[in-house]
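The residues making up each chain are set out below.
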Amino acid sequence: MNIFYYDIAIPIPVRETFTYKSKEILKSGSRVAVKFRNKDIVGYVVQQLNDMPDFSTTEVSEILDSEPIFKPSDMQIILWLADYYHHPLGEVFDTFCPPALRKITKTDSLLSVEEPIYSILEKDKQFELNKEQESCIKEIKSLRGFDPCLLYGVTGSGKTEIYLQTAGFYLSKGSSILILVPEISLTPQLQERFINRFGANIGIYHSRQTPKQRYNVWQKARNGEIKIVIGTRSAILSPLTNLGLIIIDEEHDQSYKQHEGFRFSARDVGIKRAQIEKIPIILGTATPSLQTLKLVEDKKYKQVNLLKRANGSKPPGFITLDINDSKLESGIAKESLDAIKNTLNRNKQALVFINRRGFSPLYECNNCRWVAECKSCDARLVFHHGLDRLICHRCESAYGLPTRCPECSSSNLSLQGSGTERIELFLEKYFKDTDIIRLDHDTTKKKGSLDEIIEKVHESNSAILVGTQMLAKGHDFPKVELGVILNCDAGITSPDINSLEKISQLLIQVSGRVGRRDSNGKVLIQTRYPEDKNLKELKSGDYLHFALKNLKQKKELHHPPYSAVCLLRASSPLADHNIKFLSKVANTLNIESEISAIGPIPSIISKTRGNLRHHLIIQTGSKTLLNKYVKDVIDSILSWDETKKVRWFFDIDPIDYS
Ligand code: ADP
Ligand code: ZN
Ligand code: ZN
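The following refers to the structure shown. What you see is a predicted model; the values in this text were computed from it and never measured. (Residues numbered from 1 in each chain as written. Chains lettered and ligands numbered in written order. Predicted model: local features only at pLDDT ≥ 70, side-chain atom pairs only at ≥ 80, totals over all residues. Heavy atoms only, no water.)

**Thoughts on the coordination of the zinc ion (ligand 2)**
Reference values for coordination geometry: four tetrahedral donors around a metal ideally subtend 109.5 degrees, six octahedral donors ideally subtend 90 or 180 degrees.
Next up, step 1: Summarising the metal site, the zinc ion (ligand 2) is bound by the protein donors Cys-365 (SG), Cys-368 (SG), Cys-405 (SG) and Cys-408 (SG), whose distances to it range over 2.3 to 2.4 Å.
Next up, step 2: Each of the four donor atoms bound to the zinc ion (ligand 2) contributes to angles spanning 105 to 114 degrees, and the resulting shape is tetrahedral.
Next up, step 3: Every donor residue of the zinc ion (ligand 2) comes from the same chain, spaced as C-x2-C-x36-C-x2-C.
Next up, step 4: Its relative accessible area of 34% is what places Cys-368 among the partly exposed residues. (Donors = N, O, S within 2.8 Å, 3.2 Å for Na, K, Ca; no water. Tetrahedral: all angles 85-135°; square planar, octahedral: opposite > 155°, others 65-115°. Buried < 20%, exposed > 50% of the residue type's maximum accessible area, 1.4 Å probe, protein only.)

Here is the structure:
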């Protein structure tokens, strides 16, 4: 009897794969049930081994997939990902496996289905393209093979129409299309536009869906029953058959990077997929990332432009409001309130952006300056009015509101500063009988609440929308005529090396929600730094000019994208343990090395969940060199005693240095 041996990846945080045997031939990319530490779990078949191992092996308990769930090109991507991000292979598999299949269940067999037909629905009003759109589409239709293309389209320039018509073109050739958006809140709008145009056969895939919903979409894509999938990060390996094109909408958006666990960039995975499957990829945005702009400059990516708003309206102007001498009410200046009032009087909507959720970010003793902080993190507690609790935004711990100061027993305590919740409550009082619609993490948690909010925005006439980042991104709210930005000063003054890129994108994106139907839009920026030179330049609204200048500086300073950077983070209850571990890593580098390290330094957020955090920034000229170094150093790290005392991870291409 034949016995075969296999490399099996198991979704646990270890880097090795495991060897199992089987009497039957297993296919790479399929799942099996295996016994591991006395439990039955799912394993992913990586490859067959040529030789019999010289140790005893366990037999695979059950074959779960008759056909692999990951095809050879997916396997190439997954192996590349584990290598590039230095992440345990089994966990990478798990990330792209629909949640329902992470359990020991069999997949339904592949059906042979009739090709779905997508025709352009009569009722959908297809715009007559303007000249710019025409030439973009022409250029996009001529993309061949792996052909990345930046679609630089100012906000309101009609990128969605380009996506729709491009999708129509690919569908007519029998290909399928994958569209990625950075955030769940952007799926309903795009879904609706696609359904209006092509009918109901559109797959949506994101983490707010039930495992069953996700499995259904996944299975339909695999069967060829649907040819369009719109989704967030984990949809990027959607098993669409005959994939012809990938679209990454809002390619600059930081939400494409996963912030915990497996820290991958879905945008970059998309590019890898396009490269391996030899298909074009469109990166659409009004505020391209510096990384993408560099690749355009290097002639590795093409660029097409939409420089005007589609309906001819002018983008809103920016006005800075010096608030140094202003008395603010819940964080809002009198001039801003007047401008809001004016907008409401004209039966239009105003948008108030503040990068903070909750009621108030600070609970303080006015006698001794004690500040409420989380017991396990170095984070100030945020008061949430609806919950009547102080909440830690790092670890979610909730605390009651003390009536006396724990330090000096004074009862003279107060809530300082504003978040979305306070602004909402204040505006409700100030503008009686006006719809105040809040869009943030807290108001969208409940199932269906996001759709309700978006519907309400469309149904209301005069209204005030209050929100965080979530409100600034990609939405098409036609009645918004005024934008008020309450706190961008932190972004302007931040020393973070990405801060200029982030703040410029944010300002332009907020302005992009404003005045989308006519030319009366304006954006007020409340600031204590009206003379800041970056702010002055950004006021012109010319993002590209600003970004290219920023890129030039990055080149001079050898900062990414002109160098490869990773962050090694260590956390443990004792600072000493972190520092010893990180120093030992830093000591693997010497002066002659082409790789340099900064640190160990305490992270800006220096404590979470009871653990102290430190990091090391490792920088070098090329990604290949960095990859090799990290691989070698991980081999050493695993054998050190210092390693056992800390939790550690590498963050490749970090965007968050805090
Ligand atoms: P973007 O995604 O570039 O910010 P959208 O795709 O949401 O912009 O388009 C902005 C608005 O312009 C939408 O309401 C859209 O329906 C409209 N639009 C798009 N193309 C045209 C066109 N050729 N003529 C007139 N209006 C258009
Ligand atoms: Zn006190
Ligand atoms: Zn905490």
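Having put the structure on the table, let's press on.
**Quick word on the coordination of the zinc ion (ligand 3)**
Next up, step 1: All of the protein donors around the zinc ion (ligand 3) are Cys-374 (SG), Cys-377 (SG), Cys-392 (SG) and Cys-395 (SG); their distances to the metal are 2.3 to 2.4 Å.
Next up, step 2: Here the zinc ion (ligand 3) is ringed by four donor atoms whose angles at the metal span 107 to 112 degrees, and the overall shape comes out tetrahedral.
Next up, step 3: Binding-site remark: the zinc ion (ligand 3) is held by donors from one chain whose sequence spacing is C-x2-C-x14-C-x2-C. Taken as a pair, Cys-377 in the loop between strand S16 (362-365) and strand S17 (382-384) and Cys-395 in the loop between strand S18 (389-391) and strand S19 (398-399) lie far apart in primary sequence, 18 residues in all. Neither residue differs from the other here; Cys-377 and Cys-395 are each classed as buried. (Helix = DSSP H or I, 4+ residues; strand = E, 2+ residues; numbered from the N terminus.)

**A closer look at the packing of aromatic side chains**
Next up, step 1: Evaluated as defined, the whole model comprises 21 aromatic pairs.
Next up, step 2: An angle of 20 degrees between the planes, with centres 5.0 Å apart, marks the rings of Trp-80 and Tyr-84 as stacked. Highlighted residues: Trp-80 and Tyr-84, both in helix H1 (residues 72-84), separated by four residues, approximately one helical turn.
Next up, step 3: Each ring, one from Phe-581 and one from Trp-640, has its centre 6.4 Å from the other, and the planes form 70 degrees; the classification is edge-to-face. Taken as a pair, Phe-581 in helix H17 (residues 575-586) and Trp-640 in the loop between helix H18 (623-637) and helix H19 (641-644) lie far apart in primary sequence, 59 residues in all. (Phe/Tyr/Trp six-rings, centres within 6.5 Å; stacked < 30°, edge-to-face > 60°.)

**Details of the pairing of strand S24 (residues 522-527)**
Next up, step 1: Extensive coverage of S24 is indicated by the burial of five of its six residues.
Next up, step 2: When strand S23 (residues 480-485) meets S24, the two strands line up parallel, connected through four bridges. Each bridged residue has a counterpart across the sheet, and for Val-484 the counterpart in S24 is Leu-524. (Pairing = 2+ DSSP bridges.)

**Describing the site of ligand 1**
Next up, step 1: Surveying the vicinity of ligand 1 reveals 17 residues, the closest of which are Gln-133, Gly-156, Thr-160, Arg-516 and Arg-517.
Next up, step 2: Between Asp-476 and ligand 1, the recorded distance is 3.2 Å, taken from a side-chain N or O atom to an oxygen atom.
Next up, step 3: In this structure, an oxygen atom belonging to ligand 1 sits 2.9 Å away from a side-chain N or O atom of Arg-516.
Next up, step 4: Protein burial of ligand 1: of its 570 Å² of free accessible surface, 87% is covered by the chains.
Next up, step 5: Taken together, the residues of the shell around ligand 1 break down into four nonpolar, seven polar and six charged.
Next up, step 6: The residue makeup of the shell around ligand 1 includes at least three contributed by each of domain 2 (128-306) and domain 3 (318-359 + 418-553). (Near = heavy atom within 4 Å. Polar contact = N/O pair within 3.5 Å; in protein donor to acceptor, adjacent residues only side chain to side chain. Areas by Shrake-Rupley, 256 points an atom, 1.4 Å probe, with all protein chains shown as cover. Nonpolar A, V, L, I, M, F, W, Y, C, P; charged D, E, K, R; others polar. Domains from an automatic or database assignment.)

**Brief notes about the sheet that holds strand S8 (residues 176-180)**
Next up, step 1: Ordered by their spatial adjacency, seven strands build an open sheet running S9-S10-S8-S11-S12-S7-S13, and the pairing between neighbours is parallel. The two strands at the open ends of the sheet, each matched to only one other strand, are strand S9 (203-205) and strand S13 (302-306). Averaged over all adjacent pairs, the angle separating strand axes in this sheet is 20 degrees, with direction ignored.
Next up, step 2: In terms of strand pairing, S8 meets strand S11 (residues 243-249) through five bridges, oriented parallel. Looking at the pairing, Leu-180 lines up with Ile-248 of S11.
Next up, step 3: Across the sheet, helix H6 (residues 211-223) is in contact with S9 and strand S10 (228-231); its angle to S9 comes to roughly 130 degrees. (Axes fitted to C-alpha atoms, helices over the stretch in contact; angles between N-to-C directions. Contact = heavy atoms within 4.5 Å.)

**Some words on helix H9 (residues 334-345)**
Next up, step 1: Between its first and last C-alpha atoms H9 spans 16 Å; for 12 residues at 1.5 Å apiece the expected length is 16 Å, and the two agree.
Next up, step 2: Among the residues making up H9, those that are buried are Ser-336, Leu-337, Ala-339, Ile-340, Thr-343 and Leu-344. Taken end-on, H9 shows its buried residues confined to a sector of 160 degrees, consistent with a single buried face.
Next up, step 3: Against strand S14 (317-322), strand S15 (349-353), helix H10 (420-430), strand S22 (463-467), S23 and S24 lie the buried residues of H9.
Next up, step 4: At the exit of H9 stands Asn-347, carrying a positive phi of roughly 65 degrees. (Expected span 1.5 Å × (residues − 1). Arc of directions from axis to C-beta.)

**Examining the pattern of salt bridges**
Next up, step 1: All chains considered together, the criterion is met by 37 salt bridges.
Next up, step 2: In this structure, Lys-473 engages Asp-253 in a salt bridge whose closest nitrogen and oxygen atoms are separated by 3.1 Å. On the criterion of sequence distance, the pair formed by Lys-473 in the loop between helix H12 (469-472) and S23 and Asp-253 in the loop between S11 and helix H7 (266-277) is long-range, its members being 220 residues apart. (Salt bridge = Lys/Arg side-chain N within 4 Å of Asp/Glu carboxyl O.)

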